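# Descriptive analysis of the structure
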Amino acid sequence: MKTLYILTALGVIAMLAELFRFKKFLLPIVLIGLMGAIASSVRDWNTNIHYYNYMMTFDNYAILFTIVLCVTAFLWFMMSKDFFGSESSKTDHYALVLFALCGAMLMVSYSNMVMLFLGIEILSIPMYVLAGSNKDSLASNEASLKYFLMGAFATGFLLFGITMIYGATGTFDLRSIGITLKSPELIQVWRGAGGTTLLYSGILMMLIGLCFKISAVPFHFWAPDVYTGAPTPVTAFMATIVKTAAFAAFLRLFITCFSGLGNVWMNTIWVLAGLTILLGNITAVYQTSVKRMLAYSSISHAGYMLLAILAMNNHSVGSVLFYAAAYSVATIGAFTVLSIIEKNFELASVDSFSGLAKKNPLLAFAMTISMLSLAGIPPLAGFFGKYYIFTSALQSGYVWLVLIAVLGSLIGVYYYFRMIIKMFSSGTGEVTNIEISTLQKIVLVITILLSILLGIFPDMVISLL
Amino acid sequence: MTIYLFYFLSFLAILCGLMVVLEKNPVHSVLYLIITFFAIAGHYILLNAQFLAVVHVIVYAGAIMVLFLFVIMLLNLNKETEPHKTNLVKFAAVISAGLLLVVLVAALRGTESLPSPSTINADMGLVKNLGKVLFNQFLLPFETASLLFLAAMVGAVMLGKRDIK
């Protein structure tokens, strides 16, 4: 809970910075505050405290995901210093991002449907605005409007689902719903009365709402346009923090509430996961814009993580956590490089990376490590993320889906390697001047180290849960 | 008596809801929407939820509808500027919306004989009881909502203000 207080206070401080003229010191303040937030979550380890009538629960699950979110945010703030460059709206950007982070934190630690809804909204509304924060660009405006309209529609589905589940069980509390739905006698009574349809349609509606937020395939249409149109740092935020928070919320809901009713939703998720992996990877192959390719690749990664939700055994939580961490680190690295390259090009295509290795070895190396990690090449973090997820799905007997996922990863290797080959080829090198700030250099080094370290010592994270 | 009122309000809500969609003139659509909102507010009163009814009228029929009308008049949407949709898209939309309708009707039909899940206080909708629940059990969501509004406000200001160069 202290973590939430710290993040909210940081958001308010960011707003006050405009008034009291300490804008220059805002970045150090935010970075120190984020470290404080991480420290305060670590202090809550193993305490399992509930707050305010079980509205939020800080169990180890919530703490670990909070730490992943805060570390990603820490790296993100360092990489996107330029995004806060324009003087007039600098503090607004800081405040909005920090509030979005508060929403993400609520989404990983909620234990009541009301808090889930509030968390999703607090995360989404700043994102709608930030997607359109490049006011002169038409693409950015389009991204913002598209994201807002589709997001509002999906939230409607989610809310409708929550109401139906409330109608069936009479409570918003995750534990009570879980206990109710796990008692077979009650389900039997309902089925006799024909009341299970209400519950089932509620579950499916919530599934639709959440699948939109993680951009799983039939609900993914917004993602490529929004990811491409939004300013690159905002895209990085959406691809990492928003996705991690949405998955944590998804998993928490389905493990605590609906795990007893697997036969209702598991087939649906099976199909969704298969489609997401295949469509995401195949479409990514055909993209020339790097940003769009990363958007489709982030869709396909959502498919892999759905596998862990489907597996629903005692490994799935650990594997989703590890995957989210590995994926976030690699994505932040890739987007840092992309945002540096984009200073030269309006829309960086794969060709604009040609000959980068000769011009700037650090950038090329960081991008290579990120791509290899996303492709799932051992010994990097991404490989073990996939390995754990596939093992946990195999243990639950989803052989065919794992085969589809492996096929998808092979397609993924093709387009990730295309980038690497371009960078190391002796191209003409359209990139003329590359300026990397010290902070961005630090971020690149940290992402490289984290990708390698998480890959060499995956047990460190996975054994925590 | 109440049952007739219920049927009247439901008829009014559905009729005006249909008119919102079928009416060509957007301003008329909005006016029908206002009647729909009032009919739904009437339903809330029938369900003994006065607070919800009042809030519904103030927020939806009041604030949001004014905003709607304002935007429509500002954008001058009276001309038919909407892009023409292909028949395939219309067909797909009708099928998916129809399927959703079937599911919802089936779901709600099943609730008639459903055993009441827990003892629900019939006077819960009164302002006094609602306030007690809101400031005891649901205190945290109530306070957290302020964060949501603050974020929305900052976002609106950011989008609205002119860049000083």
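Now for a description of the structure that goes with this document. Since we're looking at a predicted model, the values are computed, not measured.

The helix and strand tally for chain A stands at 20 helices and two strands. Viewed in the frame of its principal axes, chain A has a C-alpha envelope of about 70 × 55 × 40 Å. Buried residues in chain A amount to 65% of all 465 residues. Considering only contacts within chain A whose residues lie at least 6 apart along the sequence, 80% involve residues at least 24 apart. Split by element, the accessible area of chain A, about 16300 Å² in all, is 69% carbon and sulfur. Considering chain A, the positive charge centre built from 24 side chains and the negative charge centre built from 18 side chains are found 3 Å apart.

Turning our attention to the packing of helix α17 (residues 381-395) of chain A against helix α18 (residues 399-424) of chain A. Residue and element names in this part refer to chain A. Closest axis-to-axis distance for the α17/α18 pair is 9 Å, and the angle between their directions is 160 degrees. Overall, the two elements α17 and α18 adopt an arrangement that is roughly antiparallel. In this structure, α17 meets α18 at a crossing whose hand is left-handed. Seen from α17, the contacting residues are Lys-386, Phe-390, Ala-393 and Leu-394; seen from α18, they are Val-399, Val-402, Ala-405, Val-406 and Ser-409.

Residue and element names in this part refer to chain A. All told, the structure shown has two cavities of 30 Å³ or more when counted by the stated rule. Met-107, Ile-120, Leu-123, Ser-124, Met-127, Tyr-147, Lys-213, Trp-222 and Val-242 are the residues that line the largest cavity. The dominant element in the lining of the largest cavity, judged by the number of residues it contributes, is helix α5 (residues 113-131), at four residues. Across the lining of the largest cavity, the residue classes tally to seven nonpolar, one polar and one charged.

Before going further, it helps to spend a moment on a nonpolar patch on the surface. All names here are of chain B. Taken together, the side chains of Phe-51, Val-54, Val-55, Ile-58, Val-59, Tyr-60, Ile-64, Phe-68 and Val-127 define a hydrophobic patch exposed on the protein surface, amounting to about 730 Å² of accessible area. In terms of residue count, the dominant contributor to the nonpolar patch is helix α3 (residues 50-75) (eight residues). Tracing the sequence through the fold places Val-127 in helix α5 (residues 127-136).

At the interface, 34 residues of chain B touch 46 residues of chain A. Both faces combined, the contact of chain B with chain A buries some 3200 Å², and carbon together with sulfur accounts for 78% of it. A per-residue breakdown of the area chain B buries against chain A is headed by Leu140(B), Leu147(B) and Met158(B), which together make up 19% of the total. On the surface where chain B and chain A come into contact, there are one salt bridge. Ionic pairing is found between Asp92(A) and Lys161(B), a salt bridge with its closest N-O pair at 2.9 Å. For the pair chain B and chain A, the number of links is five residue pairs in polar contact (both at pLDDT 80 or more). For the side of chain B that touches chain A, the leading source of residues is helix α6 (residues 139-160) of chain B, giving 14 residues. In terms of residue class, the side of chain B that touches chain A is built from 23 nonpolar, eight polar and three charged.

Now for the packing of aromatic side chains. Residues and elements named next belong to chain A. All chains considered together, the criterion is met by 30 aromatic pairs over all chains. Ring geometry for Phe-322 versus Tyr-388: centroids 5.8 Å apart, planes at 80 degrees, classification edge-to-face. With Phe-322 in helix α14 (residues 316-341) and Tyr-388 in helix α17, this pair connects stretches of sequence that are 66 residues apart. Accessibility assignment for this pair places Phe-322 and Tyr-388 in one class, buried. Relative to Tyr-387, the ring of Phe-384 lies with its centre 6.4 Å away and its plane at 80 degrees, an arrangement referred to as edge-to-face. Highlighted residues: Phe-384 and Tyr-387, both in helix α17, separated by three residues, approximately one helical turn. Judged by its relative accessible area of 44%, Tyr-387 is partly exposed. By way of ring pairs, the aromatic residues Tyr-128, Tyr-147, Phe-148, Phe-212, Trp-222 and Tyr-227 are connected into one cluster. The ring of Tyr-54 has Arg-175 sitting right over it, with the charged end atom 3.4 Å from the ring centre.

Each value, and the rule that gives it
Residues numbered from 1 in each chain as written. Chains lettered and ligands numbered in written order. Predicted model: local features only at pLDDT ≥ 70, side-chain atom pairs only at ≥ 80, totals over all residues. Heavy atoms only, no water. Helix = DSSP H or I, 4+ residues; strand = E, 2+ residues; numbered from the N terminus. Buried < 20%, exposed > 50% of the residue type's maximum accessible area, 1.4 Å probe, protein only. Contact = heavy atoms within 4.5 Å. Areas by Shrake-Rupley, 256 points an atom, 1.4 Å probe, with all protein chains shown as cover. Lys, Arg positive; Asp, Glu negative; His and termini not counted. Charge placed at Lys NZ, Arg CZ, Asp CG, Glu CD. Axes fitted to C-alpha atoms, helices over the stretch in contact; angles between N-to-C directions. Parallel < 35°, antiparallel > 145°, perpendicular 65-115°, else oblique. Left-handed = near helix turned anticlockwise from the far one by under 90°. 1 Å grid on protein atoms, 1.4 Å probe; cavity = no way out; pocket = protein on both sides within 12 Å on 5 of 7 lines; lining within 4 Å. Points joined across faces, edges and corners; volume = space filled by probe spheres on them. Nonpolar A, V, L, I, M, F, W, Y, C, P; charged D, E, K, R; others polar. Patch = residues over 30% accessible without salt bridge, like charges linked within 9 Å, V, L, I, M, F, W, Y side chains within 5 Å. Salt bridge = Lys/Arg side-chain N within 4 Å of Asp/Glu carboxyl O. Buried area = accessible area lost by both parts, 1.4 Å probe. Polar contact = N/O pair within 3.5 Å; in protein donor to acceptor, adjacent residues only side chain to side chain. Phe/Tyr/Trp six-rings, centres within 6.5 Å; stacked < 30°, edge-to-face > 60°. Lys NZ or Arg CZ within 6 Å of the ring centre and 35° of its normal.

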